[in-house]
Each structure stands twice: as C-alpha cells, then as structure tokens.
Amino acid sequence: MQLSTNFRLSEFTRSDTAKRLGIENECSSVEQVLNLAYLCHMVLQPLRDRFGPIRITSGYRCPELNRAVGGVKNSQHLRGEAADIHLPSVEKGKEYLAFLKTLPAVDELIWERNGNVCWIHVSARRVK
Ligand SMILES: [Zn+2]
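Residues numbered from 1 in each chain as written. Predicted model: local features only at pLDDT ≥ 70, side-chain atom pairs only at ≥ 80, totals over all residues.

1. A word on the environment of L103
Threshold: In this description a helix means any DSSP run of H or I spanning at least four residues, a strand means any run of E spanning at least two, and both kinds are numbered starting from the N terminus. Residues are treated as contacting if the C-beta atoms built from their backbones sit within 7 Å of each other.
Checked against the element boundaries, L103 lands in the loop between α5 (90–100) and β5 (109–114). With 100 residues separating them along the chain, L103 and L3 place their C-alpha atoms 19 Å apart. If sequence neighbours within four positions are ignored, L103 has contacts with M42, V43 and P46.

2. Quick word on the sheet that holds β5
Defined as follows: A pair of strands is labelled paired if DSSP reports no fewer than 2 bridges between them. Whenever a helix is involved, its axis is fitted only over the stretch in contact; in every case the axis is a line through C-alpha atoms, and angles between N-to-C directions fall within 0 to 180 degrees.
Read from one edge to the other, the open sheet built from four strands follows the order β3-β4-β6-β5, with strand pairing classed as antiparallel. This sheet does not close on itself; its edge strands, each paired only once, are β3 (56–58) and β5. Here the average twist between neighbouring strands, direction ignored, is 35 degrees. Two strands pair when backbone bridges link them, and strand β4 (residues 82–86) and strand β6 (residues 117–123) are joined in this way by five bridges, in the antiparallel orientation. Looking at β6, one finds that A82 is bridged to S123.

3. Details of the pairing of β4
Examined bridge by bridge, β3 and β4 share two bridges and lie antiparallel to one another. From the neighbouring strand, I56 faces β4, where its bridge partner is I85.

4. Observations concerning the nonpolar core
Spelled out, the test is: A set of buried residues qualifies as a nonpolar core if it consists of Ala, Val, Leu, Ile, Met, Phe, Trp, Tyr and Cys joined through C-beta atoms within 7 Å. Partly exposed residues are those whose C-beta has more than 12 but fewer than 20 other C-beta atoms within 10 Å; with 20 or more the residue is buried, with 12 or fewer it is exposed, and the C-beta atoms are placed from the backbone.
Counting residues in hydrophobic clusters, the biggest one holds 22 residues, and the most contacted among them are L36, L39, L44, A83 and I85. Mapped onto this core, the elements with two or more residues apiece are α3 (30–51), β4 and β6. For this core, the element with the highest residue contribution is α3, accounting for six residues. Setting aside residues no more than four positions away along its own chain, L39 makes contact with L44, E81, A83 and A124.

5. Things to note about the packing of α3 against α5
Here is the rule we go by: By the definition adopted for this analysis, an angle is roughly parallel if under 35 degrees, roughly antiparallel if over 145, roughly perpendicular if from 65 to 115, and oblique otherwise. By definition, any crossing whose near helix is turned counterclockwise from its far helix by less than a right angle is left-handed, and any crossing with a clockwise turn is right-handed. Any residue outside Ala, Val, Leu, Ile, Met, Phe, Trp, Tyr, Cys, Pro, Asp, Glu, Lys and Arg is labelled polar, Gly included; the first ten of those are nonpolar and the last four are charged.
Look at α3 against α5: their axes get within 11 Å of each other, and the N-to-C directions meet at 130 degrees. As far as their axial angle goes, α5 and α3 are oblique. In terms of crossing hand, the pair formed by α3 and α5 is right-handed. In this structure, α3 uses V43, L47, R50 and F51 to contact α5, whose residues at the interface are Y96, F99 and L100. Classifying every residue of the contact of α3 with α5 gives six nonpolar, no polar and one charged.

6. What about the environment of R50?
Tracing the backbone shows R50 in helix α3. Placed 36 residues apart in sequence, R50 and R14 show a C-alpha to C-alpha distance of 24 Å.

7. Observations regarding the pairing of β6
The pairing of β5 with β6 spans six bridges and is classified as antiparallel. From the neighbouring strand, R113 faces β6, where its bridge partner is C118. The hairpin turn running from β5 into β6, its antiparallel successor, is two residues long, and G115 in that turn takes a positive phi close to 65 degrees.

See below:
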C-alpha cells in the first residue's frame, strides 16, 4: 500500500528483529495506518523531496516488537506516529535535523545514538 508518493506501508512494518524473532509486525488498526500516512505526508515526504531517498529503520512496532527492541511502554512507534531515519553520515544527519526542525507538524525530534550508530527519531500526531 502506497502512503505517499515515495513511501509504502511495507517500509514501516519491515523489521530485521521481527523477522529474526518470528514476530508478525503488522498494523492492527486503520488508525495506525492513517497515522503513518500523516507522518509521511507532513514530514517524511518533504524530507525525501529535499534530500532524495531516505531509509526508515523503524516505523510501526507491534507491542511484541516494541518490547523486543527495548522501546518505551508508550512509544509513538506503537501508534504509527514515529519513524527512525537512517543517517548516511553525521553531516547529512545534521542537514536532515535542521530541515525537520522547520516542519510545523513535527512533534518529537530526537538525535539517537547506540555506539557508533546514529539515527533520527521523528514523530507527528495526526490526532492531537
Ligand atoms: Zn524511534
């Protein structure tokens, strides 16, 4: 299912961790899909239009997957309101961050790090 010009639902549900653990990470409500579509239209598609292809490393998470990756209990990933964006380099990441800060729909914007790996967590709330 296409969520916006360049984003498909499958990009937000695929997960190496889910695959490895045999977790079926599929949206369980229309609300979650609508939230992901909103996030795409308001945040990720504008970012893509500006910088070219971007890679989502974590989008929607079912409760089981969220527990498996150590996500916080009320994570916006559970509602399809958040995405983690792969950063090709720290420099590019800083450009993404500066651009995302200009988008009014952005709710949470966090530079995250695990060892040497950095990514951007960004969220938007369709239902306030
Ligand atoms: Zn995240």
